[in-house]
Structure formats: structure tokens, C-alpha cells
Amino acid sequence: MPRIGLKRGIRQGVEAAAVICLCILLLSAAFLNKDYGSQMDYGPVTGKGHKQYSVREEALALLPQTYIKIGFAQAGHESDWRIAVTDSCMKTFCEENGYQLYFVDADGSHGRQVSAVRNFIQEQVDYILIDPIISTGWTAVLKEAYHAKIPVIILNGRIDCRPRYYKAWYGPDYILEGECAGQWLYKTLTRLGQNGGLKRILLMNGTSGMMEQSGRMEGFAKYMERNRNWKILTQSRDHSGQNTVRQMMADCLEQYTDIDVILCQNDHAALEVCSSLDEAGLLYGADGGIIILSFGASYDGLKAVYQGKLNAAFECSPLAPYYAQQAVRSLESGEMIEEKHNYLPEECFALDGSMYLVTSSAVKKVIPVTEELLNDKKIKSK
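Report on the accompanying structure.

Cut-offs applied
Residues numbered from 1 in each chain as written. Predicted model: local features only at pLDDT ≥ 70, side-chain atom pairs only at ≥ 80, totals over all residues. Heavy atoms only, no water. Axes fitted to C-alpha atoms, helices over the stretch in contact; angles between N-to-C directions. Helix = DSSP H or I, 4+ residues; strand = E, 2+ residues; numbered from the N terminus. Parallel < 35°, antiparallel > 145°, perpendicular 65-115°, else oblique. Contact = heavy atoms within 4.5 Å. Nonpolar A, V, L, I, M, F, W, Y, C, P; charged D, E, K, R; others polar. Phe/Tyr/Trp six-rings, centres within 6.5 Å; stacked < 30°, edge-to-face > 60°. Buried < 20%, exposed > 50% of the residue type's maximum accessible area, 1.4 Å probe, protein only. Lys NZ or Arg CZ within 6 Å of the ring centre and 35° of its normal. Arc of directions from axis to C-beta. Pairing = 2+ DSSP bridges. Expected span 1.5 Å × (residues − 1). Polar contact = N/O pair within 3.5 Å; in protein donor to acceptor, adjacent residues only side chain to side chain. Core = buried A, V, L, I, M, F, W, Y, C linked by side-chain atoms within 4.5 Å. Right-handed = clockwise from strand over helix to strand, strands pointing away. Salt bridge = Lys/Arg side-chain N within 4 Å of Asp/Glu carboxyl O.

**Here we look at the packing of helix α3 (residues 80-92) against helix α11 (residues 320-332)**
Next, step 1: Contact pair α3 / α11: the axes reach a minimum separation of 7 Å and the direction vectors enclose 40 degrees. Accordingly, the angle class assigned to the pair α3 and α11 is oblique. For the pair α3 and α11, contact is made by V85, S88, C89 and T92 and by P321, Y322 and Q325, respectively.
Next, step 2: Looking at side-chain class alone, the contact of α3 with α11 contains four nonpolar, three polar and no charged residues.

**Here we look at the packing of aromatic side chains**
Given two aromatic rings, one states the distance between the centres and the angle between the planes to describe the pair.
Next, step 1: Across all of its chains, the model carries seven aromatic pairs by this definition.
Next, step 2: Consider the rings of Y146 and Y165, whose centres lie 5.4 Å apart with planes at 80 degrees: the pair is edge-to-face. Of the two residues, Y146 is situated in helix α5 (residues 139-147) and Y165 in the loop between β6 (152-155) and β7 (168-171); the sequence distance between them amounts to 19 residues.
Next, step 3: Under the relative-accessibility criterion, Y146 is labelled partly exposed at 32%.
Next, step 4: When the ring centre of Y223 is taken as reference, the NZ or CZ atom of R226 above it lies at 4.6 Å.

**Focus on helix α10 (residues 299-306)**
Next, step 1: Within the sequence span of α10, burial applies to G301, L302, A304 and V305. Taken around the axis of α10, the buried residues stretch over an arc of 155 degrees, which confines them to a single face.
Next, step 2: Elements that come into contact with the buried residues of α10 comprise α9 (267-280), β12 (312-315), β14 (348-350) and α12 (371-380).

**Some thoughts on the sheet that holds strand β4 (residues 99-105)**
Next, step 1: Pairing is parallel in the open sheet, where six strands are placed in the order β4-β3-β5-β6-β7-β13. Because the sheet does not close on itself, it has two edges, and the strands there are β4 and β13 (341-343). Strand after strand, the sheet turns through a mean of 20 degrees between neighbouring axes, direction not considered.
Next, step 2: Bridge count for strand β3 (residues 68-74) against β4 is seven bridges, and the pairing is parallel. Note on β4: the bridge partner recorded for G71 is Y102.

**Some words on helix α4 (residues 110-122)**
Quick reminder: α-helices carry 3.6 residues per turn. Residues three or four places apart thus point the same way.
Next, step 1: Under the 1.5 Å per step criterion, the end-to-end length of α4 is 19 Å for 13 residues, consistent within 8% with the ideal 18 Å.
Next, step 2: Along α4, the residues that are buried comprise H110, Q113, V114, A116, V117, F120 and I121. The buried side chains of α4 occupy one side of the element, clustering within an arc of 155 degrees when seen end-on.
Next, step 3: Looking at the buried side of α4, the elements it contacts are β3, β4, β5 (127-130) and α5.
Next, step 4: Of the residues one or two after α4, Q124 is the one with positive phi, at around 55 degrees.

**Topic: the side chain of N195**
Next, step 1: Position of N195 among the secondary structure elements: in the loop between α6 (174-191) and β8 (199-206).
Next, step 2: For N195, a relative accessible area of 16% translates into the label buried.
Next, step 3: Within polar-contact distance, the side chain of N195 engages the side chain of N227 at 3.1 Å.
Next, step 4: Within the local environment of N195, its side chain forms a polar contact with the side chain of W230, the two groups lying 3.0 Å apart.

**A closer look at the nonpolar core**
Side chains of a nonpolar character, in soluble globular proteins, are inclined to be buried together.
Next, step 1: Core analysis: the biggest nonpolar cluster contains 29 residues, and M204, I262, V273 and I292 have the highest contact counts within it.
Next, step 2: Of all the secondary structure elements, the ones that give two or more residues to this core are β8, α8 (245-255), β10 (261-264), α9, α10 and α12.
Next, step 3: The leading source of residues in this core is α9, at five residues.

**Thoughts on the pairing of β10**
For a regular strand, side chains alternate in direction, first toward one face of the sheet and then toward the other.
Next, step 1: Residues V261 and L263 of β10 are buried on one face, and the alternating residues I262 and C264, pointing to the opposite face, are buried as well.
Next, step 2: Taking the sense of rotation as the criterion, the β-α-β connection linking β10, α9 and strand β11 (residues 291-296) turns out right-handed.

**A look at the environment of D160**
Next, step 1: Looking at the element boundaries, D160 is found in the loop between β6 and β7.
Next, step 2: By relative accessible area, D160 is classed as partly exposed at 47%.
Next, step 3: Here D160 is in contact with S135, T136 and T139, once residues within four sequence places are set aside.

**A closer look at the environment of Y284**
Next, step 1: Topologically, Y284 is positioned in the loop between α9 and β11.
Next, step 2: A residue is classified by how much of its surface remains accessible, and Y284, at 8% relative accessible area, is buried.
Next, step 3: For the pair Y284 and L310, spaced 26 residues apart in the sequence, the C-alpha separation amounts to 8.0 Å.
Next, step 4: Residue contacts for Y284: discarding those within four places in its chain leaves C274, L277, D278, G289, I290, I292, G308 and K309.

**A word on the pattern of salt bridges**
Next, step 1: If you walk through the whole model with that rule in mind, you get eleven salt bridges.
Next, step 2: R216 is the salt-bridge partner of E177, the closest N and O atoms lying 2.8 Å from each other. Here the residue E177 occupies a position in helix α6, and R216 occupies one in helix α7 (residues 211-226), the gap between them amounting to 39 residues.
Next, step 3: Ionic contacts of the salt-bridge type, sharing partners, join the residues E78, R82, D131 and E212 into one network.

And the structure:
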């Protein structure tokens, strides 16, 4: 028997025994209802309507439905992207797909996430998924899951612990996203003949302390080092969790009269920045003036690229739960997971699709945003 936990093996044995018993009862009933002189009919049993069911299918239909229990400790709901991750999880691990989902939104609290995982262990779920808020402070509870023989799968953010305590990681390559943004900016400024003078860059980071921001800045910093004329004006952060992007942007516009580039950590922040620039009467996007870049590439972000508000959007896929399901299926069938760490496929988008981005780990062609692409994105997001 594959090593998927003693409780699952017992459950499968009970189901098999129940099927056998029910089949015997159904066959016995069919035999008693027939005359001894007539020929025994072992064919399919006719159900309601025109569909026919075999004896085994009839027996299985009488059994209580069993599901694979999934516990998901989500970091929070601070952005549209995080909400999209939750939505992906809900759609993937639904009852129609054979799962029972135990979901906890930690609302930005690491302690709440750890408590949720401990509750999942007590509930004896079959698998635990974690989208970590921070990378540290996980070893103790992951050891508990390991000794309880409950596989753990990490989504999006990294966790600092021994690899033996989790089965796999699925998430975006934040460093590559930052590299792509830096190279796109360098090639665009060079093509426009504008990379010779001082370039003042504003980083609209939103809430501080997020792992994706540090990863992107690590990638973007590679191009900061190559272009000494690029200068970071400030990294605008919401330390209190109370300020809106518009308020932060208004403060920046009062402090800095010249801004060449604004790099936004998500599409929602980018659209708020656009609204602030509209109110200030400043040119941006395809109209010239300030270059606006965004990470996310959600439907709203791509629509803003198509409308000329954003110059480019770099995808940060929220579909880690969908790919984590592959790991669950492999473990259910007794197979080994081939790769421990798995980056999600992500693309780069702009109005002009003639550019290629050659990074340390990938070659990507910038995808032009068209009406057809937007329609396809809208359908998939439903």
C-alpha cells in the first residue's frame, strides 16, 4: 500500500468491504425475487430515466461520499491578488473535485496561521496547504505535521525549515519578475533615447514586510547596479495599514516635483496611482510622461495596459493551489513528487509585443495586450 497514512488505508478497506457487502445483498435480493425456473439476470440494474447502472455502481451510490480533507492556512486578504489565490483554492479543492476544504484566513497574523495548522493536525486532515505571511517561526508546527504523517505543501512565500518537513513548494518567481521589470525599463528607455540622464524612480510598495516585494527588488536591483543614473526617490509604504495608495501618492507628489518611473507592487495600487496622477493633471502611460509598471497582470491590470494607462504589467500568478493539486494527486497514487520547488509559469505584457527579455533563468517574449486576450482573461477569471 502506498504511504498515504494509516487512516486513509483503513478508510479504503472499509469502503471496499462495504461495497462487497452491498453487492451480496443486492444479488441476494435479486435471486429471492426470481422464480427458480427462470434464468438469473446479472445484467445492469435500470435506474431512473434511461441511464443504466451496474450492481457495483448501485452499491457505491449507497455509500456515504468520502472526500480528501484539505486544510488551507491563507495569509490574508490584503490585495486583489491574495483574494485571487483564495478563489483559486476554493475552485480547485471543491466537493465536485472530491475534496473537503478547511479554510482559515489569518488576516496578516503569523500566530493565527500557526494555530490554524495545529487545528488542522487535530482535525486529522489529509493535506495541509500554507501560504506563509513570514518565512520564520514554522519549524515546530511543521514537525508536528510531519510526525502526524500529514503532508504539507507550501504556496507562494518561502518557509525557513528543513526540506523534509514539507513535500513541495509552488509559487511565483519574484526575483525573475523584478528582473523582467528592470530589463523592460532599460530596453524601453534605450529605444526612446532617454536612458542618458537621471531617472527618478518611485516604488509604490503598499504594506511593508511582504516577501514578494523583497524578491522583486532583488531582481530589479540588478539593473539599478548597471544603470547608475537610475535613482530610487523613496519606497512608499503603508506601515499603519490605514493609509490609502492615493494618500501616499499625494504625499509623494508634494515632496517630489520630478518623477520618471513608478513601480507598483500590484495592479490595484497602479490604478490608484493613475487616479492620483489624473487629479494632478500629469501625463503618464502611453501618452508619455511618467512610466507606470505593475506586478500582477490581473484582468484589470491588463485592461489598463490596453487603455494605455500602464506601460507594462508583469504577471504574478495566483494559481499555486491549482498546481498544488498535482502534488496531492501524485501522493494519493503513491507517486513521488519529482521537483521540490516549482515556479509557476508567468508572462510579461505591454501594448508593444516586439521585445524579448533575456534574464538569468528565462527568455520571455513580451505579449501584446489585445481585445482578444482581454476577453480570454475575463472568461478564465470567472
